[in-house]
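Next come the chains, spelled out residue by residue.
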Amino acid sequence: MRQRWQVRCDFWVALRETEDVPALMNLISHELAEGRAPVEEIVGASWDLGPDPAGGRRKLLFLPSVDDPRLFTLSLQRLADNSSR
């Protein structure tokens, strides 16, 4: 069943040239996603963060900028199936 976001919070992030994008993704996997590997999306990657106490599921999306791979959005979302939106 397809799910859509109900609530979301976006963070715009810029990494310095000395910082490594894959290292950041590994850190997210270990610290926020309980060791789960990211899932490749059409654009970027995502982590399933499990059920949300308010219902639905939590998901974190990593969306890189088209212009510069060191600029990206981290989008924390609470998802619900289409029927409950």
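An account of the accompanying structure is given in this report. (Residues numbered from 1 in each chain as written. Predicted model: local features only at pLDDT ≥ 70, side-chain atom pairs only at ≥ 80, totals over all residues. Heavy atoms only, no water.)

**Describing the packing of aromatic side chains**
Given two aromatic rings, their pairing is described by the distance between the two centres and the angle made by the two planes.
Thinking step 1. Under the definition given, this model contains 1 aromatic pair.
Thinking step 2. Plain terms: the ring middles of Phe 62 and Phe 72 are 4.5 Å apart, the flat faces sit at 35 degrees to each other, and that makes the pair tilted. Taken together, the residues Phe 62 in strand 4 (residues 57–64) and Phe 72 in strand 5 (residues 71–81) connect sequence positions 10 residues apart. Considered together, Phe 62 and Phe 72 belong to a single accessibility category, that of buried residues.
Thinking step 3. The cationic tip of Arg 8 hangs over the ring face of Trp 5; the distance from NZ or CZ to the ring centre is 5.1 Å. (Phe/Tyr/Trp six-rings, centres within 6.5 Å; stacked < 30°, edge-to-face > 60°. Helix = DSSP H or I, 4+ residues; strand = E, 2+ residues; numbered from the N terminus. Buried < 20%, exposed > 50% of the residue type's maximum accessible area, 1.4 Å probe, protein only. Lys NZ or Arg CZ within 6 Å of the ring centre and 35° of its normal.)

**Section: unusual backbone geometry**
A negative phi holds for most residues other than glycine; trans holds for most peptide bonds.
Thinking step 1. Notably, Glu 34 is not glycine yet its phi reads approximately 50 degrees, a positive angle.
Thinking step 2. Along the chain, Glu 34 falls in the loop between helix 1 (21–31) and strand 2 (39–40).

**Quick word on the sheet that holds strand 5**
Thinking step 1. Sheet architecture is open: 5 strands sit in the order 1-5-4-3-2, paired in antiparallel fashion. If you trace the sheet from one side to the other, it starts and ends with strand 1 (3–14) and strand 2, each paired once.
Thinking step 2. Both strand 4 and strand 5 contribute to a ladder of 8 bridges, which runs antiparallel. Considered in strand 5, the bridge of Phe 62 is made with Leu 74. (Pairing = 2+ DSSP bridges.)

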